[in-house]
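Secondary and tertiary structure notes
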Amino acid sequence: MGIRVENLHKSFGTEQVLDGITLDIPDRSFFSVVAPTGAGKTTLLRIMAGIESADAGTVHYDGEEMTDVAVQDRSVGMVYQEFINYPSLTVRENLASPLQVSGENYSAEEIDRRVQETAEMLKIDHILNNLPEEVSGGEAQRTAISRALIKEPDYLFMDEPLANLDYKLREQLRSDFERLFSEQDTTVIYATPQAGDALAMSTHIGFLHDGNIIQKALRDEIYYRPRHLPVAEYLGEPPMNIVPVTLVQEPTSTHRYFEVDDETRIPATGFDSLSPGETYHLGFRPQDMTLTENSAEASITPTLSFVETVGSTSTLHMDFQGREIYALHPNPLHLETGAEISFALDPKKFYVYDPEAGNLIAAGEKIPSFS
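Below or above, wherever it landed, is the structure these notes cover. (Residues numbered from 1 in each chain as written. Predicted model: local features only at pLDDT ≥ 70, side-chain atom pairs only at ≥ 80, totals over all residues. Heavy atoms only, no water.)

Considering a negative patch on the surface
Here is the rule: Any residue with relative accessible area above 30% and no salt bridge may belong to a patch, with like charges joined within 9 Å and the nonpolar Val, Leu, Ile, Met, Phe, Trp and Tyr side chains within 5 Å. A 1.4 Å probe and the Shrake-Rupley method give the accessible areas. Residues count as covered only by the protein chains that appear here. Here a salt bridge means any side-chain nitrogen of Lys or Arg lying within 4 Å of a carboxyl oxygen belonging to Asp or Glu. When charges are counted, Lys and Arg are positive and Asp and Glu negative, with His and the chain ends excluded. Charge positions are represented by NZ for Lys, CZ for Arg, CG for Asp and CD for Glu. The helix count covers DSSP runs of H or I at least four residues long, the strand count covers runs of E at least two residues long, and both are numbered beginning at the N terminus. Buried, partly exposed and exposed residues are distinguished by accessible area as a fraction of the type maximum, computed with a 1.4 Å probe on protein chains only: under 20%, between the cut-offs, and over 50%, respectively.
A contiguous patch of negative charge on the surface is contributed by Asp27, Asp62, Glu64 and Asp154. Residue position: glutamate 64 is located in strand β5 (residues 64–65). Residue classification places glutamate 64 among the exposed residues on the basis of a relative accessible area of 51%.

Structural notes on the packing of helix α4 (residues 137–149) against helix α5 (residues 167–182)
For clarity, the threshold we go by: Here an angle of 0 to 180 degrees is reported between the N-to-C directions of two axes, which are lines fitted to C-alpha atoms, with helices fitted over the stretch in contact. Any angle that falls under 35 degrees is termed roughly parallel, while one over 145 is termed roughly antiparallel, one within 65 to 115 roughly perpendicular, and all others oblique. When the near helix sits turned anticlockwise from the far one by under a right angle, the crossing is termed left-handed; a clockwise turn instead gives a right-handed crossing. Any two residues having at least one pair of non-hydrogen atoms within 4.5 Å are treated as being in contact. All amino acids are sorted into three groups, where Ala, Val, Leu, Ile, Met, Phe, Trp, Tyr, Cys and Pro are nonpolar, Asp, Glu, Lys and Arg are charged, and the leftover types, Gly among them, are polar.
Where α4 meets α5, the closest approach of the two axes is 11 Å, and the angle between their N-to-C directions is 25°. Regarding the angle of α4 to α5, the classification is roughly parallel. The crossing of α4 and α5 is right-handed. Across the interface between the two elements, Gly137, Gly138, Arg142, Ile145 and Leu149 from α4 touch Leu169, Gln172, Leu173, Asp176, Phe177, Leu180 and Phe181 from α5. Of the residues belonging to the contact of α4 with α5, the class tally is seven nonpolar, three polar and two charged.

Side note on the packing of aromatic side chains
Defined as follows: Ring geometry is summarised as follows: Phe, Tyr and Trp rings, the Trp one being its six-membered ring, pair when their centres sit within 6.5 Å, and such pairs are stacked at plane angles under 30 degrees, edge-to-face over 60 and tilted between the two.
Under the criterion given, the structure shown has eight aromatic pairs. Plain terms: the ring middles of tyrosine 61 and tyrosine 155 are 4.6 Å apart, the flat faces sit at 45° to each other, and that makes the pair tilted. With a gap of 94 residues between them, tyrosine 61 in strand β4 (residues 56–61) and tyrosine 155 in strand β7 (residues 155–159) connect regions that are remote in the sequence. For tyrosine 61, a relative accessible area of 7% translates into the label buried. Exposure remark for tyrosine 155: the relative accessible area of 2% places this residue in the buried category. Ring geometry for tyrosine 223 versus tyrosine 224: centroids 5.0 Å apart, planes at 80°, classification edge-to-face.

Quick notes on α4
Basically, it comes down to this: Helix span, expected: 1.5 Å multiplied by one less than the number of residues in the helix.
Here α4 spans 18 Å end to end across 13 residues, near enough to the 18 Å set by a 1.5 Å rise per residue. Of all 13 residues in α4, 12 are buried; the element is thus mostly enclosed. For α4, the full list of buried residues reads Gly138, Glu139, Ala140, Gln141, Arg142, Thr143, Ala144, Ile145, Ser146, Arg147, Ala148 and Leu149.

Here we look at the pairing of strand β12 (residues 256–261)
Basically, it comes down to this: In this analysis, strands are considered paired if DSSP registers two or more bridges between them.
Of the pairings in the sheet, the one linking strand β11 (residues 241–249) to β12 comprises four bridges and is antiparallel in character. Paired with threonine 246 across the strands is glutamate 259, a residue of β12. Taking the residues that link successive antiparallel strands as the turn, the β11-β12 hairpin has six residues. Hairpin connection of β12 to strand β13 (residues 264–267): two residues between the antiparallel strands.

Here's what the structure looks like:
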C-alpha cells in the first residue's frame, strides 16, 4: 500500500512550510520530491520518516497510522546529503553497526552475510577494511547508503544524497540507484532540487510548490504533461521555454498564429479551442527547436548569449524578448556570441498555459496524453 500522508501542516515561526499536503506514495516505488532549495522537501521527508513532528496531519504506512510512532520503532532508513559514517570504524564495521545495536539479536554469521551481500550490491566490497577517510566521496556515500539498507527497511528516505558529489560520480550513482532499487522491495522517497536526478531514477515524481504537492504522477507523465507552469518551468534540463503570446486569427482566413510582437508570429495550427485575442503562455521544449537558415520557416529569432557544449551535445543559452530561453542541439556548435539565430517550431509539440491560473489548457497532438 505504501505511504499516505493526510493534511500535513508545518510552520517554523511565522513561515508556513507545508500547507495541508495529502500524498500517496505507491509501495516499492522510487518517489522523488522535487522543488527548489528551501521549499520544504527535507521537512516533508523528516515528518514522513518520523524524525520530526507535524503541526497537524497524519502519516500512514501500509494503512497503519504512524504519526506517534517513534522513528526507532519504524522500518525505515535515512540517508543524508552529508556522508555520515563513523570515522573510527572500518567500512565493514560501519555496515555491521546497525545490526549489532538492533533488538533483533542477529548472529555473527548473519551479520557477516548481510555485510558482504550489501557491500557487493553497492560495489564497495573491495574497501570493507578501509576507514571512511581512506575512500572516495562516492564510496563514502555508498557506505552511508549501505548502512541504511542493511536492515532491509520497508522505507528508505534519501535527502539530496548526491549533492556533494562531482558530476562524474553523480552520473554513475544515478545509474546504480536506478538498477539497485528496481531489484529491491524497499520503497524509496528521494528529495532533490535537481530535476535531472529525479528524471533519471524515479518511477514517480511529486513537485512541491508553495507548501503543497501541486502535481504527482509517473515520471514520464509529469515530464510530458506538466499541468502547472511551475512544474513546466522547472522539470527539465534545461527546462521548458515559456513565452507570453496573444492568439491572432487573420480576418480574411482561418489562419491562426501566436503573436509575440509585430515581428514574431508563431504558427498556431491545431489550437482551434483557443480564443483569438486572448493572451496565453506558450511552452516549447529546448530539444524541439530546429535551427534553420530559411527565414520563411523561422518561428523565432533569439540572440545567442553563449553555447555550453558537454560531450557531443550543445545547449544554446539565448535572449528572447528579454527572457532567457534554451535550445538543445545534438552536435557541437561554434557560433558567435550576439548572433541572431533562427529556429523553426512545431505546433504539434506546443504547450499552452493560462497566464493567470498557470494551468495547462491545451497541448499539441504529438504530446502524449496519458489519459
